[in-house]
Amino acid sequence: MQTDHEERGFTPRLKTAIYKEIAMKKIILFLTAIVASSGTVAEQDINSEHAQKTLEIYTHIISVETSKNLGNVPEVANYLASELIAAGFPEEDVEVLPVGETAALIARYRSDGSSGKAPILLLGHMDVVEALEQDWERPPFELTKDDSYFYARGSVDNKFGVAQITSTFIRLMKEGFVPNRDLIIVFSGDEESTMISTRVLAYERKDIAEAEFALNSDAGGGHLSADGKAVVYLIQAAEKTYVTWEITVRNPGGHSSRPRPDNAIYDLAKAITKIQGYQFPVRWSDMTLKFFEETGQQLGGELGEAMMQFAQNPEHQAAADRLAIESSYVGTTRTTCVVTMLQAGHAENALPQSATATVNCRVFPGVPVAEVKKTLEQVIGNDKCQHPECK
Ligand SMILES: [Zn+2]
């Protein structure tokens, strides 16, 4: 899944980060919130060989900066492969697949075949979004912690999942576990950018495509209370479509000493303001209604009340409006589009000849991307568009 700069400018708490990623970016629809009945994290669990191995892997892979174009993902893939092989996985079942500057990891946990069922895939991605060190309170590529949380780029998305799956494979192998159907680790290497490795895995690997289903560690997730009790585990059941457009305004320009009434930056600013002021219509599904019903009960308060009202009647305007001002929940109720980048002008004393805004949208499942594009065009309402697509 594509990632926001979820940790930029402040140091996130792990739980907050999980929550934000779940609600804000991509993992929008949940089947239900499943409340675990009991269980605290015992001290011996934390000190177990498995937990320590997980922490070792987690710490190591976070220390390798796997942002795009740095060519460091193969290092992580090779490290994970060597850990699996050292734990007893046959070399022929562990494959590092180079894809351009990045790589994928495929590791098969062979079964006894007794179930006769197709394999299960365990998914994750080894790359991370870029992180500017000067924007961080803590070093982004070093795992640090306080009493409650771990901090680092990728601490949640998705090196937590990658470390967990890998160390679980290692633990099961060491315990002599033999599955009754094959389990296959499939980690991609450029999920946050081009997704070429994902496409190679999905379309060019028959051995992976034959799986019955996949469990994705880059979605959902559990929450513990302050005293370590299991509170909730969220399951992703659908995903919004990620789409980015650029809006470019062109103008003949000129010298800044001779301003003209039309100006590429001013015109773009007007378009941006229109996008800011537009709200896509409320959408819902059985999953979102069930999600708000359960979450509203858990959360309580006036926000919880709004969730339950929405669950009972998603056309309840006040409830939908209340949820719309919550950045964590607005995406669960509708398509969203937001301007994320600007580029304009070429000299301080010249009138701009072009100005471009980047608009990133998260499209509600089931809504065609073309429909959102058309809506944006109508919202901007530019009748002077020269682009072939405007005709
Ligand atoms: Zn991710």
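Structure: above.
Just so you know, the residues in each chain are numbered from 1, in the order the chain's sequence is written. Totals for whole chains, interfaces and linings use all residues, but because this is a predicted model, local features are given only for residues with pLDDT of at least 70 and pairs of side-chain atoms are given and counted only at 80 or more. Excluded from the side-chain calculation are hydrogens and water; included are all heavy atoms of the structure.

Chemist: Summarise the sheet that holds strand S8 (residues 213-216); cite the residues concerned and give the values.
Modeler: The pairing criterion is simple: DSSP has to find at least two bridges between the two strands. By the criteria applied, helices consist of DSSP H or I runs no shorter than four residues and strands consist of E runs no shorter than two, each listed in order from the N terminus. The strand order across the open sheet formed by five strands is S2-S3-S7-S4-S8, and the pairing between neighbours is mixed. The sheet is open, and its two borders are formed by strand S2 (94-99) and S8, each paired with just one other strand. Going from strand to strand, the sheet's axes swing by 20 degrees on average, the running direction of each strand aside. Two strands pair when backbone bridges link them, and S2 and strand S3 (residues 102-109) are joined in this way by six bridges, in the antiparallel orientation. Looking at the pairing, Val96 lines up with Leu105 of S3. Working rule for contacts: check all heavy atoms of both residues, and any pair within 4.5 Å makes them a contact. Simply put, an axis is a line fit to the C-alpha atoms, just over the touching stretch for a helix, and the angle between two N-to-C directions goes from 0 to 180 degrees. Sheet contacts for helix H5 (residues 159-174): S3, strand S4 (120-125) and strand S7 (183-188); angle to S7, the most-contacted strand, approximately 150 degrees.

Chemist: Which residues make up the packing of aromatic side chains, and what values go with them?
Modeler: Only Phe, Tyr and Trp rings take part, Trp by its six-membered ring, and two of them pair if their centres are within 6.5 Å. Stacked means planes under 30 degrees apart, edge-to-face means over 60, and tilted covers everything else. Tallied over the full model, the rule gives eleven aromatic pairs. Ring centres of Tyr109 and Phe169 lie 5.3 Å apart, and the angle between their planes is 75 degrees; on these two criteria the pair is classed as edge-to-face. Taken together, the positions of Tyr109 in strand S3 and Phe169 in helix H5 put the pair 60 residues apart, joining distant regions of the chain. The same class applies to Tyr109 as to Phe169, namely buried. With a centroid separation of 6.5 Å and 40 degrees between ring planes, the pair formed by Phe291 and Tyr329 is classed as tilted. Three exposure classes are used, based on accessible area relative to the maximum for each residue type with a 1.4 Å probe and protein chains only: buried under 20%, partly exposed in between, and exposed over 50%.

Chemist: Please give an account of the environment of Leu183 that cites residues and values.
Modeler: Note on placement: Leu183 falls in strand S7. You can call Leu183 buried: its relative accessible area is 15%. Through-space distance from the C-alpha of Leu183 to that of Arg108 is 5.9 Å; in sequence the pair is 75 residues apart. Residues within four places of Leu183 in sequence aside, it is in contact with Ala107, Arg108, Tyr109, Ile120, Leu122, Phe169 and Phe177.

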